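Descriptive analysis of the structure
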Amino acid sequence: MSTESKVLPSLDTEKQKEYMRRVFSLNAQYKNEHQKSLRVFVLTLGCQQNEADSERLMGMALEMGYEKTDTPDDASLIIVNTCAIREHAEKRALSLVGQYKHIKAKNPELVIVVCGCMVVQEHRVDDIKRRYPYVDIILGPSLIHKLPEHIYNRRSGSRRIFDPDDKIYSFAEGLPIHRESSYKAWVSVMYGCNNFCSYCIVPYVRGRERSRRREDVVAEFSKLVALGYKDITLLGQNVNSYGVDSGFDYDFADLLAELDSIEGDYIIHFMTSHPKNASKKLIDVMASSKHVARHFHLPMQSGSDSVLKAMNRRYDFEKYIGILDYIREKMPDCTVSSDIIVGFPTESDSDFEDTMRALERARFDMIFSFQYSPRKGTPAASMEQIPQSVKQARFERMLELQNSISLECNKKAEGKTLRVLCEGESKNDPEKFYGRTEGGKIVFFAPCNENIGKFVNVEIERGDTFALYGKIV
Ligand code: SAH
Ligand code: SF4
Ligand code: F3S
């Protein structure tokens, strides 16, 4: 197969479908000729976007005739979907890829694909070319629809294939999706990011914002509701700018209102919202909705105006807290979570104290906190860095404060009855089942197999820092 199909026009669904039919039929032919049992192992690092991409990668692999396996050892195709958000994520990806060397040595026909955000960066492509010669294919996140074509070519004797980035940022509609869960699902509404926060690698690796058409999102969503999915999360790096890039005459709040009007027993989550354009309209739609979960994830990143400026976040603390107050005014029972970075290059002791005060004021139910990790090519990486020991000390102080706030929030749930989506047996305690509230809090309760994937009402008996405990009523 030649590269004639190298760029799929983003929204030309018919051409795309025709292309997919051709590649899948070539792969089926290959499978018939070789009469082999083929197995695929997919490993995912990073955020929900990557999890959603992995479900598409798995969907395509199954369509090509592979069967799913849960161990890399007996796989004929290994796909590692990488993340580049912090150094730790990249180290993990490289160490995992390193471990596959011996599997390839035993089975030279194994095809190893490394895709995801890490491999868009030139220095990582070079690394893999030189230090991991047994990796067959590199594939960037905006090109995942080319997996079948590349695998076919590689199996037919092509040289190693490096396809990290098309600089056009196409995306493909209608790819087969193998959903990991039968009751929780992801629906991407947009791809990429235009914000260029000064610490963040995402805009460089995921490209510019592009939104899926409303009718495509609505069709996918309705199908999931009809199939009985209970918890559907709309995904984008900044869902609040949905449609802006494509000049749509409707925005995210309009989309959310339309999805909410679909009949069924389900809840909708969305992430992530950027505070710079979290609108009152969106909060109003949420407050009057039937299905949108009472949960707002609104990354604050820092409580210091000067750090926020250096981060290029384009809001100050006053604006942030104004949005938060409006959310709570409209939805007093809404769970609010946030992301915080400590140790950003310009963060002084007093900036950090601003963040501590901001946490006291905001009283988030939970936060995801990170120590700043320099990312090559981003503006903040070339600023003067904060010593690791200072970052660590600030990080620990912040966690201690937040833990006390989370505990206080969770104590308030005691005695209440909450709707919980039951997910199954707890990993650490087989005597217990767990589920999540609309606000994403983990709840433990007595085992009840018949309720997996269903909503149950749980009376909360105890609230801890990281979880709630109760009984089904
Ligand atoms: N689009 C989302 C965030 C996606 S990345 C948003 O803007 O809110 C998830 C989180 O990772 C970010 O919110 C940020 O807190 C953190 N993060 C991103 N780059 C980082 C870096 N270089 N070091 C440490 N944390 C980082
Ligand atoms: Fe990164 Fe900022 Fe875009 Fe979020 S909004 S993905 S933090 S650049
Ligand atoms: Fe990581 Fe890419 Fe997500 S860098 S956090 S997998 S968008």
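Computed from a predicted model, the values in this text were never measured in an experiment.

1. Side note on the packing of helix 9 (residues 252–260) against helix 10 (residues 280–287)
To describe two helices that pack against each other, one gives the angle between their axes and the distance between the axes. Close contact between helix 9 and helix 10 brings their axes to 9 Å; oriented N to C, the two are set at 10 degrees. Between helix 9 and helix 10, the angle is such that the two are roughly parallel. On helix 10, the residues that touch F252, A253, D254, L256 and A257 of helix 9 are K281, L282 and V285. In terms of residue class, the contact of helix 9 with helix 10 is built from six nonpolar, no polar and two charged.

2. What to know about the packing of aromatic side chains
Counting across every chain of the model gives 13 aromatic pairs. Measuring from ring centre to ring centre gives 6.3 Å for Y320 and F364, while their planes differ by 75 degrees; the resulting arrangement is edge-to-face. Of this pair, Y320 sits in helix 12 (residues 317–330) while F364 sits in the loop between helix 13 (349–362) and strand 14 (366–371); the two residues are 44 residues apart in sequence, bridging distant segments of the chain. Connected via pairs of aromatic rings, a cluster forms that spans Y199, F344 and Y372. Over the ring of F162 we find K129, and its NZ or CZ is 4.9 Å from the ring centre. Taking NZ or CZ as reference, K280 lies 4.8 Å from the ring centre of Y326, over its face.

3. Description of the site of ligand 3
The environment of ligand 3 is formed by C47, N50, C83, A84, I85, C117, R206 and Q237. Partitioned by chemical class, the residues of the shell around ligand 3 number five nonpolar, two polar and one charged.

4. What to know about the sheet that holds strand 13 (residues 335–342)
Overall, parallel pairing links the three strands, which are arranged 12-13-14 in an open sheet. The sheet terminates laterally at strand 12 (295–297) and strand 14, the two strands that pair on one side only. Strand-to-strand, the axes of this sheet are offset by a mean angle of 15 degrees, without reference to chain direction. Two strands pair when backbone bridges link them, and strand 13 and strand 14 are joined in this way by six bridges, in the parallel orientation. By the bridge assignment for strand 14, I340 is matched with S369.

5. Some points on the site of ligand 2
Every residue lining ligand 2 is accounted for by C193, N195, F196, C197, Y199, C200, V202, P203, Q237, H274 and R313. Its residues assigned to classes, the shell around ligand 2 shows seven nonpolar, three polar and one charged.

6. Thoughts on the confidence of the model for the chain
Mean pLDDT for the chain: 94, with 97% of residues reaching 70 or above. Counted against residues more than four places away or in other chains, residues 1–9, with its pLDDT under 50, gives 22 contacts.

7. What about the domain arrangement of the chain?
Each assigned domain of the chain is listed here: domain 1 (14–163), domain 2 (184–411) and domain 3 (417–472). Taking only C-alpha atoms into account, the centre of domain 1 sits 30 Å from that of domain 2. Counting from both sides, the interface comprises 20 residues of domain 1 and, opposite them, 19 residues of domain 2. Carbon and sulfur atoms supply 54% of the area that domain 1 and domain 2 bury against each other, a total of about 1700 Å² over both sides. If you sort the residues of domain 1 by the area they bury against domain 2, Q48, Q49 and R86 come out on top, with a joint share of 34%. Counting the contacts that link domain 1 with domain 2 gives two salt bridges. The residue D53 makes a salt bridge to R206 at a minimum N-O spacing of 3.1 Å. Inspection of the region where domain 1 meets domain 2 yields six residue pairs in polar contact (both at pLDDT 80 or more).

How each quantity is defined
Residues numbered from 1 in each chain as written. Chains lettered and ligands numbered in written order. Predicted model: local features only at pLDDT ≥ 70, side-chain atom pairs only at ≥ 80, totals over all residues. Heavy atoms only, no water. Axes fitted to C-alpha atoms, helices over the stretch in contact; angles between N-to-C directions. Helix = DSSP H or I, 4+ residues; strand = E, 2+ residues; numbered from the N terminus. Parallel < 35°, antiparallel > 145°, perpendicular 65-115°, else oblique. Contact = heavy atoms within 4.5 Å. Nonpolar A, V, L, I, M, F, W, Y, C, P; charged D, E, K, R; others polar. Phe/Tyr/Trp six-rings, centres within 6.5 Å; stacked < 30°, edge-to-face > 60°. Lys NZ or Arg CZ within 6 Å of the ring centre and 35° of its normal. Near = heavy atom within 4 Å. Pairing = 2+ DSSP bridges. pLDDT = per-residue confidence, 0-100. Domains from an automatic or database assignment. Buried area = accessible area lost by both parts, 1.4 Å probe. Salt bridge = Lys/Arg side-chain N within 4 Å of Asp/Glu carboxyl O. Polar contact = N/O pair within 3.5 Å; in protein donor to acceptor, adjacent residues only side chain to side chain.

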